[in-house]
Amino acid sequence: MSKGYLSLVLHAHLPFVRHPEHEKFLEELWLFEAISETYLPLLRVFERLELDGVPFKVTLSVSPTLTAMLEDELLQERYLRHLDGMIELGDKEVRRTAEDSRFSGTARMYRDLFAENRRDFVDKYGKRIIKGFDFFQKKGRIELITTSATHAYLPLYEPYPETLRAQVQLAVQSHYRVFGTPPKGFWLPELGFVPGLEEYLKEAGLRYFFVATHGVLFADDKPKNGVYGPLVCPNGLAAFGRDLASANAVWSSDEGYPGDVAYRDFYRDIGFDLPLDYIGPHIHEGDLRIYTGFKYYAITGRTDDKKPYEPDAALRKTREHAENFIYNRLKQIKRLEEFMDRPPVFTCPYNAELFGHWWFEGPSWIESLFRKLQGTAEIEAIFPSDYLKNHPDNQVAAPAFSSWGNRGYSEVWLDGTNDWIYRHTHRAVERMIELVERYPNEKGLKARALNQAAREVLLSQASDWPFIMHTGTTVTYASRRLKEHLGNFTRIYDALSSGAVGTEWLTRLERKNNLFPDMDYRIFRKREDGAKS
Amino acid sequence: MTRKRLEALSFDSLKAVAAREGIDVPDGVEKILLIDLLLEIAEDRKEEQESRNNNPVRVQQKKYDVSLSRDYDLLPNPDDGILPEGYNTNRIVMLLRDPSWAYVYWDVKGGTLQAAAEEIGAQGALLRVLRFANEGGDVAPGKPVDSYDIPLGPEDTGWYVNIPDQDSFYRVELALQGENSEKILVRSNLVRVPRAVTKEDLSFRDGTPLNMILTLSGVENLDVFTPKRSIPQRINSLHEDSFL
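Remember, it's a predicted structure, so these values are computed and weren't measured experimentally.

### Quick look at the overall build of chain B
Of the regular secondary structure elements, chain B holds seven helices and nine strands. Here chain B holds 244 residues, and 30% of them are scored as buried. Sequence-distant contacts, at least 24 apart, represent 63% of the contacts inside chain B between residues at least 6 apart.

Given below as C-alpha cells:
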C-alpha cells in the first residue's frame with residue numbers, strides 16, 4: 001500500500017486574445033508559443049506514457065478563455081500559419097548550422113519539433129487539441145477542472161457577489177459545454193482565496209479547490225495534517241494546500257531544477273542574436289525582435305559566456321531531477337508517517353506553461369517523474385477527487401485569506417500600477433446588474449446586446465491585465481484591452497439607455513469577442529444574500 | 001522602453017514622459033542625456049520590481065514576454081479608449097490588500113470632494129476608518145469599537161488605509177465636515193480582516209506531532225506579509241487641514 005500520494009496539478013491559462021481586425025497580432029504569440037512549447041509536448045508525454053503502460057494522473061485546469069481560443073477557427077488557422085513560418089525557419093537554421101556541430105543537432109531538433117507539432121495539430125487532433133485533453137480524461141489519466149470564466153482574481157471582486165457568481169457559474173457551464181462533464185475541482189486564479197468564496201463554488205456543484213500553503217496553515221483551526229491533507233470548509237468543500245518543498249524544487253530558477261546549468265537558456269534566442277536581414281521575416285513586422293523559440297545555449301551559469309546547449313545532456317538531467325524529486329518526497333513521507341494517521345498527499349500546483357515554455361525540458365521531467373514513480377511502491381499519483389473518496393473524513397476548518405502572489409496576499413493585483421482599474425471594472429459590474437434589473441426578460445437584438453455587455457464586463461476582469469501592469473511586460477496592451485472592454489460595455493449601456501443599439505457594430509463585436517456562445521446576461525442577476533440561495 | 005523608441009520622440013515628448021514618471025529633468029539637459037536618464041531609471045525600477053517578485057510571479061511573467069524590449073506606455077495613444085476620471089455618484093469601496101492594508105476608492109456627486117463640500121458649505125472631507133468586533137466569524141452588532149480619521153485633499157479619490165487590528169471587521173465612511181457639523185456622504189462595504197497569524201504562532205516549540213507537521217509543512221519558510229503593530233494614522237484635529 002502507498003505511504004504517500006502525489007497530486008500534480010497543472011493550470012493552463014491565457015487571457016482571451018483574438019484580433020481579427022489585424023492580419024497578424026503580436027500578443028497572439030502567447031497562445032502559439034504555449035501550444036508549441038507546452039500543450040502539444042505535454043500531450044506527447046501523455047501519449048508515450050500511455051503507450052508504454054506507465055500509469056499517470058495529472059489534474060489539469062484549462063481556463064475557459066484558453067479553451068475558447070483553442071477552439072476558435074481563426075486562431076487555429078493563424079497557429080498553422082505560425083507553425084509553417086517556424087518550420088521554414090527551422091529549415092533555414094538547419095542549413096545555416098550544417099557545418100557547425102555545436103548547433104546543428106539542436107537546429108534539427110527544433111525543425112523536427114515544429115514539424116511534429118504540425119502533424120499532431122492537424123492530423124492527430126484536427127486542429128482541436130482540446131480533443132487530446134478529453135481523450136486522456138476519458139482514459140482516466142487526467143482530471144480536467146476549470147477556473148473562473150475570464151480568470152478574474154476573485155478576492156478583489158468580493159464586494160460584488162453577482163460577478164463572483166457569474167465568474168464561477170459561467171466557467172462551469174463553459175467546461176460542461178466543451179468537455180461534456182461537469183468539473184469536480186476549481187482552480188482559484190493565483191490561488192486567490194478569501195473566506196466566503198467556497199459558497200460560490202459549492203453552489204456551482206464543485207467539490208474541491210486549491211489554496212496557497214498559508215491558506216491552510218493560517219486556517220481558523222490549526223491543520224492537524226499541515227498541508228498534507230485537505231481541510232474541509234464548513235460547507236463541505238475541500239481545500240488542498242500547496243506543498244512548499246515540492247513547489248520550490250520546481251519553481252525556483254535559482255535553486256530549483258529549471259536553473260540547472262545543463263538546461264536550455266530562455267533568453268539567448270536567435271530572434272535577438274542573428275542579423276535582421278536573416279531573421280526579419282520571422283520576427284514582428286520585420287524589425288521588432290521577438291523570441292522565436294530557437295535557442296542554442298545552455299544556462300551554463302551566471303555568465304554571459306554561454307555554452308552550446310546539448311539536448312541529450314539536458315534529457316539526462318531531467319531523469320536525475322525526477323529521481324531527486326521522488327527521493328525528497330520519500331524523505332518527507334518518512335518524516336511525516338511518524339505524526340500522521342494517513343498517507344500524506346503532496347499537492348503540487350504549477351502553471352502549465354512553466355513546463356516547456358519557461359523550462360524547456362519540463363515536459364520531459366514530467367515524463368521521467370511518472371516513469372520513475374511506476375517503480376516506486378511507496379508513493380502513487382492521485383487525483384484530488386480520488387483522495388476525497390479514499391479519505392472522506394477530513395478536518396473541518398476554514399482556510400485563510402491567501403494567494404500565491406508576492407507576500408501571500410493581493411499586492412500583485414492591487415498596487416500603485418493597477419489600483420486605478422477597480423473603480424472602473426466595479427462600476428461596470430454595478431451597471432450590468434442595473435441592466436439586468438431594467439431588462440429582466442429580453443429577446444432578439446436587446447438580448448444580444450445585453451449578452452455582449454456581460455462578456456465585455458467579464459473580459460475587463462481578467463487578472464492578466466493588473467498582473468501585466470504590475471510586472472511591466474506589455475503594459476500598453478493590457479491597459480488598452482481593459483479600456484476597450486470597458487468602452488464596449490459603456491457603449492452598449494448607453495445605447496440601451498437611449499433605446500438605439502447599432503446592429504452592425506454589435507455584430508462586429510460579437511464576432512470579435514466571441515467566447516461564451518451560450519451567455520445569458522441574467523447570470524448577473526442581483527441577489528441580496530450573496531451565495532446563499 | 002527602448003532607445004530606438006525614445007530617440008524617435010521629440011524633446012518635449014521626452015520631457016512629458018519624464019514628468020509622467022515623476023522624474024525631475026535638470027535644466028539644460030541634452031536630449032541624448034535625457035534618454036540615458038530615462039533608460040537608466042526604467043532599468044532600476046525594473047530590477048527593483050523583479051527583485052520583489054516571488055517564483056510563481058516570475059515564472060508567470062514569462063507567459064507574456066514576447067520580446068526582450070520592454071513595452072512602455074510612452075504617450076497616450078489616440079486609439080486607446082478614455083476612461084472617465086470618476087463617476088458622478090456617491091460610492092466608496094474598500095478592498096483588502098493584506099491583513100494590514102486596504103485600498104479605498106470613492107466617487108462623489110459633483111465630481112470632486114471640493115465640489116461636494118462647496119454644495120453643502122462644508123470645509124473639509126475625511127475618511128473615517130471604523131473597526132467592528134468579530135463575534136464568532138460575524139460582525140458584532142452595534143457600534144464600532146474603534147475608529148480613526150484621515151483628512152483628505154480636495155482632489156483625492158483613493159487612499160491606502162492601514163488596518164491596525166486584525167481579526168476584525170472594517171468599513172470606511174466618507175464624510176464632509178463643516179464648522180460644527182458632519183455629513184456622512186457614503187459608507188463602504190464591510191471587510192473581514194483575518195486574524196494575525198505569525199510564523200512564531202505556529203513554529204516548532206514543543207515537539208508535539210501537530211507542531212512537527214506544521215514545521216514540515218514549511219511554516220518557517222513562508223514568504224508572506226506579516227502584520228506589525230504600528231501606530232495607525234490617527235489625526236485628531238482637522239480644521240487646520242481643511243481645504244476651503
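Picking up after the structure, the text goes on.
### Things to note about the pairing of strand 3 (residues 124–135) of chain B
Residues and elements named next belong to chain B. With 10 bridges connecting them, strand 3 and strand 7 (residues 168–177) associate as antiparallel partners. Paired with Arg128 across the two strands is Glu173, which belongs to strand 7. As paired elements, strand 3 and strand 5 (residues 146–152) share seven bridges and run antiparallel to each other. Bridged to Leu130 within strand 5 is Ser147. As judged from the two bridges shared by strand 3 and strand 4 (residues 138–139), these two strands associate in the antiparallel manner. Across the sheet, residue Glu135 finds its bridge partner in strand 4, namely Asp138.

### Looking at unusual backbone geometry
Positive phi is not limited to glycine here, since Thr300 of chain A has a value of about 70 degrees. Along the polypeptide, Thr300 of chain A turns up in the loop between helix 11 (276–279) and helix 12 (311–336). For Thr300 of chain A, a count of 17 C-beta atoms within 10 Å translates into the label partly exposed. In this model, Asp167 of chain B sits at a positive phi of 55 degrees, which is unusual for a non-glycine residue. Among the structural elements, Asp167 of chain B can be located in the loop between strand 6 (158–162) and strand 7. You can call Asp167 of chain B partly exposed: it has 14 C-beta atoms within 10 Å.

### Some thoughts on helix 18 (residues 475–498) of chain A
Residue and element names in this part refer to chain A. The first and last C-alpha atoms of helix 18 sit 34 Å apart over 24 residues, in line with the 34 Å expected at 1.5 Å per residue. Looking only at helix 18, the buried set comprises Ala478, Ser479, Arg481, Leu482, His485, Leu486, Asn488, Phe489, Ile492 and Tyr493. Two residues or fewer past helix 18, Gly499 is found with a positive phi of approximately 85 degrees.

### Let's talk about the environment of Leu154 of chain A
With respect to the secondary-structure elements, Leu154 of chain A resides in the loop between strand 3 (142–147) and helix 6 (161–179). Along the primary structure Leu154 of chain A and Val194 of chain A are separated by 40 residues, whereas in three dimensions their C-alpha atoms are 8.1 Å apart.

### A word on the packing of helix 16 (residues 444–460) of chain A against helix 18 of chain A
Residues and elements named next belong to chain A. Helix 18 packs onto helix 16 with a crossing angle of 150 degrees between their chain directions and a minimal axis gap of 8 Å. When the axes of helix 16 and helix 18 are compared, the pair comes out roughly antiparallel. The handedness of the crossing between helix 16 and helix 18 is left-handed. Note on element contacts: helix 18 touches helix 16 through Leu482, His485, Leu486, Asn488, Phe489, Ile492, Tyr493, Ala495 and Leu496, opposite Lys446, Ala449, Gln452, Ala453, Glu456, Val457, Leu459 and Ser460. In terms of residue class, the contact of helix 16 with helix 18 is made up of 11 nonpolar, four polar and two charged.

### Quick look at the nonpolar core
Nonpolar side chains tend to gather and get buried jointly when the protein is soluble and globular. In terms of nonpolar packing, the biggest core is built from 209 residues, with Met432, Ala453 and Ala454 of chain A together with Ala102 and Val104 of chain B touching the most fellow members. For this core, the element with the most residues is helix 1 (residues 29–51) of chain A, which contributes 13 residues. Those residues in contact with Ala102 of chain B that sit more than four places away from it in its chain are Met94, Leu95, Leu96, Arg97, Val161, Ile163, Tyr170 and Val191 of chain B. Membership of the second largest hydrophobic core comes to six residues, among which are Leu6, Leu14, Val17 and Ile35 of chain B.

### Quick look at the domain arrangement of chain A
Where the parts come together, the accessible area they lose is often given as the size of the interface. Residue and element names in this part refer to chain A. Looking at the assigned domains, one finds that chain A contains domain 1 (4–71 + 128–264 + 309–407) and domain 2 (414–524). For domain 1 versus domain 2, the separation of C-alpha centres amounts to 29 Å. Contacts between the two partners involve 26 residues from domain 1, matched on the other side by 19 residues from domain 2. For the side of domain 1 that touches domain 2, the elements supplying multiple residues, two or more each, are helix 2 (64–70) and helix 6. Per-element accounting of the side of domain 1 that touches domain 2 gives the leading share, nine residues, to helix 6.

### Concerning the domain arrangement of chain B
The assigned domain composition of chain B is domain 1 (3–64) and domain 2 (91–195 + 228–241). One C-alpha centre belongs to domain 1 of chain B, the other to domain 2 of chain B; they are set 35 Å apart.

The rules behind these values
- Residues numbered from 1 in each chain as written.
- Chains lettered and ligands numbered in written order.
- Predicted model: local features only at pLDDT ≥ 70, side-chain atom pairs only at ≥ 80, totals over all residues.
- Helix = DSSP H or I, 4+ residues; strand = E, 2+ residues; numbered from the N terminus.
- Buried ≥ 20, exposed ≤ 12 C-beta atoms within 10 Å, placed from the backbone.
- Contact = placed C-beta atoms within 7 Å.
- Pairing = 2+ DSSP bridges.
- Expected span 1.5 Å × (residues − 1).
- Axes fitted to C-alpha atoms, helices over the stretch in contact; angles between N-to-C directions.
- Parallel < 35°, antiparallel > 145°, perpendicular 65-115°, else oblique.
- Left-handed = near helix turned anticlockwise from the far one by under 90°.
- Nonpolar A, V, L, I, M, F, W, Y, C, P; charged D, E, K, R; others polar.
- Core = buried A, V, L, I, M, F, W, Y, C linked by C-beta atoms within 7 Å.
- Domains from an automatic or database assignment.

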